[in-house]
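# A closer look at the structure
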Amino acid sequence: MRMPLIAGNWKMNGSLALVEAFGRAFADGALPVNVEVALMVPFPFLEAAGRALGETSVTVGAQTLSDRPSGAFTGEVSAAMLRECGARLVLVGHSERRTLFGEDDAAVLARVKAALAERLTPVLCVGETLEEREAERTEAVVLGQVEAVFDALDESERARLEVAYEPVWAIGTGRTASPEQAQVVHAAIRGCLARYDQALAGGMRLLYGGSMKADNAAELLAQPDIDGGLVGGASLKVDDFLAICQSAG
Ligand code: PGA
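Residues numbered from 1 in each chain as written. Predicted model: local features only at pLDDT ≥ 70, side-chain atom pairs only at ≥ 80, totals over all residues. Heavy atoms only, no water.

## A word on the nonpolar core
Where we set the bar: The term nonpolar core refers to a set of buried residues drawn from Ala, Val, Leu, Ile, Met, Phe, Trp, Tyr and Cys, joined through side-chain atoms within 4.5 Å. Classification of residues uses two cut-offs on accessible area relative to the type maximum, computed with a 1.4 Å probe and protein chains only: under 20% is buried, over 50% is exposed, and between them is partly exposed. Contact definition: two residues touch when any of their heavy atoms are within 4.5 Å.
By size, the foremost hydrophobic cluster in this structure holds 72 residues, and its most contacted members are Phe150 and Ile189. Those residues within four positions of isoleucine 189 in sequence are excluded, and the remaining contacts are Val126, Val142, Leu143, Val146, Val163, Tyr165 and Leu206. With eleven residues, the next largest nonpolar core counts Leu5, Ala38, Leu89 and Leu207 among its residues.

## Notes on helix α1 (residues 16-26)
Quick note on the threshold: Only DSSP runs of H or I covering at least 4 residues are called helices, and only runs of E covering at least 2 are called strands; the numbering of each starts at the N terminus. Directions are taken from the helix axis to each C-beta atom, and the arc is the one they span.
Along α1, the residues that are buried comprise Leu18, Val19, Phe22, Gly23 and Phe26. End-on view of α1: buried residues confined to an arc of 145°, all on one side of the axis. Set apart from the buried face of α1 by more than 90 degrees, the exposed residues are Ala17 and Arg24. Next to the buried residues of α1 lie β2 (36-40), α2 (46-52) and α12 (238-248).

## Focus: the pattern of salt bridges
To keep it simple, the criterion reads: For salt bridges, the criterion is a side-chain nitrogen of Lys or Arg within 4 Å of an Asp or Glu carboxyl oxygen.
Counted by the stated rule, this structure contains twelve salt bridges. Salt-bridge contacts for aspartate 67 lead to arginine 68; the nearest nitrogen and oxygen are separated by 3.2 Å. Aspartate 67 gets classed as partly exposed once you look at its relative accessible area, which sits at 27%. Between arginine 111 and glutamate 103 there is a salt bridge, with the nearest N and O atoms lying 3.6 Å from each other.

## Notes on the sheet that holds strand β3 (residues 59-62)
So the rule is basically this: Whether two strands pair depends on DSSP finding at least two bridges between them. Note on geometry: axes are C-alpha line fits, over the in-contact stretch for helices, and angles between N-to-C directions span 0 to 180 degrees.
Strand order in the closed barrel formed by eight strands is β1-β2-β3-β4-β5-β6-β7-β8, with parallel pairing between adjacent strands. On average, each strand axis in the sheet is inclined to that of its neighbour by 25°, with strand direction left out of account. Pairing geometry for β3 and strand β4 (residues 89-92), over two bridges, is parallel. Bridging across to β4, glycine 61 finds its partner in leucine 89. Each of β5 (121-126) and β6 (162-165) touches helix α7 (residues 138-150); the most contacted strand, β5, lies at about 155° to it.

## Some points on the environment of leucine 220
As for its placement among the helices and strands, leucine 220 is situated in helix α11 (residues 217-221). Taking the C-alpha atoms as reference points, leucine 220 and glutamate 180, separated by 40 residues in sequence, lie 8.3 Å from one another. If sequence neighbours within four positions are ignored, leucine 220 has contacts with Thr176, Ala177, Ser178, Pro179, Ala182, Tyr208, Met212 and Ile226.

## Some details on the site of the ligand
Selection criterion: Only a single heavy atom is needed: when it lies within 4 Å of a molecule or strand, its residue is near that molecule or strand. Contacts described as polar in this section are N or O atom pairs within 3.5 Å, which, within protein, must combine one atom able to donate a hydrogen with one able to accept it, while residues neighboring in sequence count only if both atoms come from side chains. For the accessible areas, the method is Shrake-Rupley and the probe is 1.4 Å, while residue cover comes only from the protein chains on display. Residue classes follow a fixed rule: Ala, Val, Leu, Ile, Met, Phe, Trp, Tyr, Cys and Pro count as nonpolar, while Asp, Glu, Lys and Arg count as charged, and any other residue, Gly among them, counts as polar.
The environment of the ligand is formed by 13 residues, the closest being Lys11, His94, Glu166, Gly172 and Ser211. Glycine 172 is positioned such that a nitrogen or oxygen atom in its backbone is 2.6 Å from an oxygen atom of the ligand. With respect to the ligand, the backbone of serine 211 contributes an N or O atom lying 2.7 Å from an oxygen atom. Within the complex, 97% of the 280 Å² of free accessible area of the ligand lies under protein. Looking at the shell around the ligand residue by residue, the class counts come to four nonpolar, seven polar and two charged.

Written out as structure tokens, the structure is:
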């Protein structure tokens, strides 16, 4: 059985006050015990999030990282720094990083390796644009993004990733993939992972992301190959995020 993982991605939103609000709301055992929950907060909030959520089961994560361990890279943040500030997971290859910041498959792979080297769990994000979907290239694009990373890792490294399928056209648009559309791609990703190793494919959590909300989470999470969610907008409101976590339980 794969334990569901619900990860909130605050992107460049939120505040220290919101960190505190989540800490208070989740402190009283509100979260289901059979769901793992993570919050990916902006760098400056990592330590505060670790403190505020310290009494809860929530894991704190970051949204990106440098591919270098240290040095003259003004503005960058290394995996070791993230770890020292309490992060245990880190998003890699989010579509906003790929499109707005030019991170290609090689850049994504380098960041996955940098995260693994510091024992951070990379959450590898993959997904197709609307044009690619309409050109019936969804599987080729998504599996290509998966293979660009998995081909370059060894067996023990592969087992340490989480994978999030996020159709780019569904991110922040209010337009969710239907449960059936998402399931088809999740099954294809699991099939792709099975070509490396059956046990890897069976154990790997595949999260869905893209306008997941309290009112559509349950039907998405009911699909056999959807093991959790990567939640953007709805992770900025305590009640909405809590409701999604509860629907995974
Ligand atoms: P959204 O974002 O839930 O606001 O669509 C998801 C994501 O980008 O991770």
